[in-house]
Amino acid sequence: MTVLEIVNLGKKIPILNKSEIIKVLEVETGKGVSDAKLRRYLNKFQEFINEGYCPKESLIIDGHSIICFTYPFLYFLSNKNKFQDKRLRKLIKPFSQEVVKQYKLIGA
């Protein structure tokens, strides 16, 4: 799937582009986000995906374009502390439709 196809799907599926990802991370960290910090977060998100917590299509990097689906990314951020501690990873449930319903209920 190309980035253009994902952007067209974005009309139906909430997605974040690079600048929106940076805004979310600025809110999360409470300070500015450099390109290096963005790469670290995206690498951790990719690792989160590779470990099976979110669908593989949750993050798409095509050259300089970055697209990620909103709900899996928010799910990653909400579980980031557990994910960083290997002993707590077993407490993380895989991303599911139930998670999407919960985010919609809170207006995300």
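Not measured: the values here are computed from a predicted model.

Caption draft 1: Highlighting the sheet that holds strand β1 (residues 15-17). Strands sit in the order β1-β3-β2 across an open sheet of 3 strands; the sheet is antiparallel. Because the sheet does not close on itself, it has two edges, and the strands there are β1 and β2 (59-62). Direction aside, the axes of adjacent strands within the sheet are offset by 15° on average. Alignment of β1 against strand β3 (residues 65-69), held across 3 bridges, turns out to be antiparallel.

Caption draft 2: Spotlight on the packing of helix α2 (residues 18-29) against helix α4 (residues 70-84). Their axes nearest at 12 Å, the elements α2 and α4 cross at an angle of 25°. The angle between α2 and α4 places the two elements in the roughly parallel class. The handedness of the crossing between α2 and α4 is right-handed. Where α2 approaches α4, its residues I21, V24, L25 and E28 are matched on the opposing element by F73, L74, L77 and K80. Within the contact of α2 with α4, the residues separate by chemical class into 6 nonpolar, no polar and 2 charged.

Caption draft 3: Fine view of the pattern of salt bridges. According to the stated counting rule, one finds 4 salt bridges in the structure shown. In this structure, E47 and K44 form a salt bridge, with 3.6 Å as the shortest nitrogen-oxygen distance. With E47 and K44 both in helix α3 (residues 35-50) and 3 residues apart, this pair spans about one turn of that helix. Given the relative accessible area of 31%, K44 is considered partly exposed. Residues joined by salt bridges that share partners form a network here, namely K44, E47, E51 and R89.

Caption draft 4: Summary view of the layout of surface pockets. Roughly 180 Å³ of volume is contained in the second largest pocket. Taken together, K18, D35, L38, R39, L42, N43, I61, G63, H64 and I66 make up the lining of the second largest pocket. Per element, the largest residue contribution to the lining of the second largest pocket is 5 residues, and it comes from α3. Taken together, the residues that form the lining of the second largest pocket break down as 4 nonpolar, 3 polar and 3 charged.

Caption draft 5: Representation of the nonpolar core within the structure. Judged by nonpolar contacts, the single largest core of 27 residues is most densely connected at I21, L25, L38, F45, F48, F73 and Y75. Sorting the residues of this core by element identifies α2, α3, β3, α4 and α5 (97-105) as the ones contributing at least two each. Among residues more than four places away in sequence, those in contact with L25 are G30, V33, L38, Y41, F73 and L77.

Rules and cut-offs
Residues numbered from 1 in each chain as written. Predicted model: local features only at pLDDT ≥ 70, side-chain atom pairs only at ≥ 80, totals over all residues. Heavy atoms only, no water. Pairing = 2+ DSSP bridges. Helix = DSSP H or I, 4+ residues; strand = E, 2+ residues; numbered from the N terminus. Axes fitted to C-alpha atoms, helices over the stretch in contact; angles between N-to-C directions. Parallel < 35°, antiparallel > 145°, perpendicular 65-115°, else oblique. Left-handed = near helix turned anticlockwise from the far one by under 90°. Contact = heavy atoms within 4.5 Å. Nonpolar A, V, L, I, M, F, W, Y, C, P; charged D, E, K, R; others polar. Salt bridge = Lys/Arg side-chain N within 4 Å of Asp/Glu carboxyl O. Buried < 20%, exposed > 50% of the residue type's maximum accessible area, 1.4 Å probe, protein only. 1 Å grid on protein atoms, 1.4 Å probe; cavity = no way out; pocket = protein on both sides within 12 Å on 5 of 7 lines; lining within 4 Å. Points joined across faces, edges and corners; volume = space filled by probe spheres on them. Core = buried A, V, L, I, M, F, W, Y, C linked by side-chain atoms within 4.5 Å.

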